[in-house]
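# Coordinate inspection notes
One-letter residues, chain by chain:
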Amino acid sequence: MTRILFVCLGNICRSPIAEAVFRQHVATLGVSDQYVLDSAGTGAWHIGGPADSRGIAACAEVGIDLNSHRARQVQPSDFMEYDYLIGMDQNNLQTLRGLEPTQCRAKLALMMDFCDVDTGQDIPDPYYGDDAGFDLAIELCQRASAGLHHYCQSRGTGR
Ligand code: 4NP
């Protein structure tokens, strides 16, 4: 079992998309039972709120239902309970590094580091942009998901 927490700033745009796209990817492969998946934001603004309506609409286009998502903030316990905390951009990763306890189970990584091309790139924040930013976030998450699954299969969790 591999536990992955996808992390962005608000937990209403990119990380819910990353979680849902990865969930769809592993469901297609028939390996959903190998994973525990969730997403969270480093910021507190949207706690308890739904995903951005533009993200819900863009996800519906690719057969993903984001309606049940409710935003939450990263918790100290997440660093012990998850195997991987995966940031959508370098800012998310920097914030996570600042919150990381000395005793930390989780490995911190960047989503696009699992993509065969564009390694190390940010998934651009679509919040202040237009609908195209949400389509791009979905596309980038789709491209990174296969690599992330392969990585988890090869590494396991060490549990
Ligand atoms: P996300 O996008 O980090 O991809 O969920 C954002 C959502 C909300 C805000 C910033 C980014 N905000 O400032 O409220």
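Everything that follows concerns the structure shown earlier in this document.
Residues numbered from 1 in each chain as written. Predicted model: local features only at pLDDT ≥ 70, side-chain atom pairs only at ≥ 80, totals over all residues. Heavy atoms only, no water.

### Considerations on a negative patch on the surface
- A cluster of acidic side chains, namely Glu61, Asp130, Asp131 and Asp135, defines a negative patch on the protein surface.
- Among the secondary structure elements, Glu61 is positioned in helix α2 (residues 53-61).
- With relative accessibility at 70%, the residue Glu61 sits in the exposed group. (Patch = residues over 30% accessible without salt bridge, like charges linked within 9 Å, V, L, I, M, F, W, Y side chains within 5 Å. Areas by Shrake-Rupley, 256 points an atom, 1.4 Å probe, with all protein chains shown as cover. Salt bridge = Lys/Arg side-chain N within 4 Å of Asp/Glu carboxyl O. Lys, Arg positive; Asp, Glu negative; His and termini not counted. Charge placed at Lys NZ, Arg CZ, Asp CG, Glu CD. Helix = DSSP H or I, 4+ residues; strand = E, 2+ residues; numbered from the N terminus. Buried < 20%, exposed > 50% of the residue type's maximum accessible area, 1.4 Å probe, protein only.)

### Things to note about the sheet that holds strand β3 (residues 84-87)
- Taken in spatial order, the four strands line up as β2-β1-β3-β4 in an open sheet, and their pairing is parallel. Only two strands of the sheet have a single partner each, and these edge strands are β2 (35-41) and β4 (107-110). Between one strand axis and the next, the sheet turns through 25° on average, direction left out of account.
- Alignment of strand β1 (residues 2-8) against β3, held across four bridges, turns out to be parallel. In the sheet register, Val7 faces β3, and the bridge partner there is Gly87. (Pairing = 2+ DSSP bridges. Axes fitted to C-alpha atoms, helices over the stretch in contact; angles between N-to-C directions.)

### Here we look at the packing of helix α1 (residues 14-28) against helix α5 (residues 131-155)
- Where α1 contacts α5, the two axes come as close as 9 Å, and the packing angle between them is 50°. Comparing their axes, α5 and α1 come out oblique. Taken as a pair, α1 and α5 cross one another with a handedness that is right-handed. Facing α1, whose interface residues are Ile17, Ala18, Val21, Phe22, His25 and Val26, α5 presents Phe134, Ala137, Ile138, Cys141, Gln142, Ser145, Ala146, Leu148 and His149.
- Grouping the amino acids of the contact of α1 with α5 by side-chain chemistry returns 11 nonpolar, four polar and no charged. (Parallel < 35°, antiparallel > 145°, perpendicular 65-115°, else oblique. Left-handed = near helix turned anticlockwise from the far one by under 90°. Contact = heavy atoms within 4.5 Å. Nonpolar A, V, L, I, M, F, W, Y, C, P; charged D, E, K, R; others polar.)

### A look at the nonpolar core
- Among the nonpolar cores identified, the biggest contains 38 residues, and Ile4, Phe6, Ile17, Ile86 and Met111 are the most heavily contacted of them.
- Those elements giving two or more residues to this core turn out to be β1, α1, β2, α2, β3 and α5.
- Looking at this core element by element, the count peaks at eight residues for α5.
- With residues up to four places along the chain from it excluded, the contact list for Ile17 reads Gly55, Cys59, Leu66, Phe134, Ala137, Ile138 and Cys141.
- Ala40, Phe79, Leu85 and Leu108 belong to the second largest nonpolar core, which has 12 residues in total. (Core = buried A, V, L, I, M, F, W, Y, C linked by side-chain atoms within 4.5 Å.)

### With respect to the pairing of β2
- Most of β2 sits out of view: five of its seven residues are buried.
- In the sheet, β1 pairs with β2 via seven bridges, with the strands oriented parallel. Bridged to Thr2 within β2 is Tyr35.
- The β-α-β motif built from β1, the intervening α1 and the parallel element β2 has right-handed crossover chirality. (Right-handed = clockwise from strand over helix to strand, strands pointing away.)

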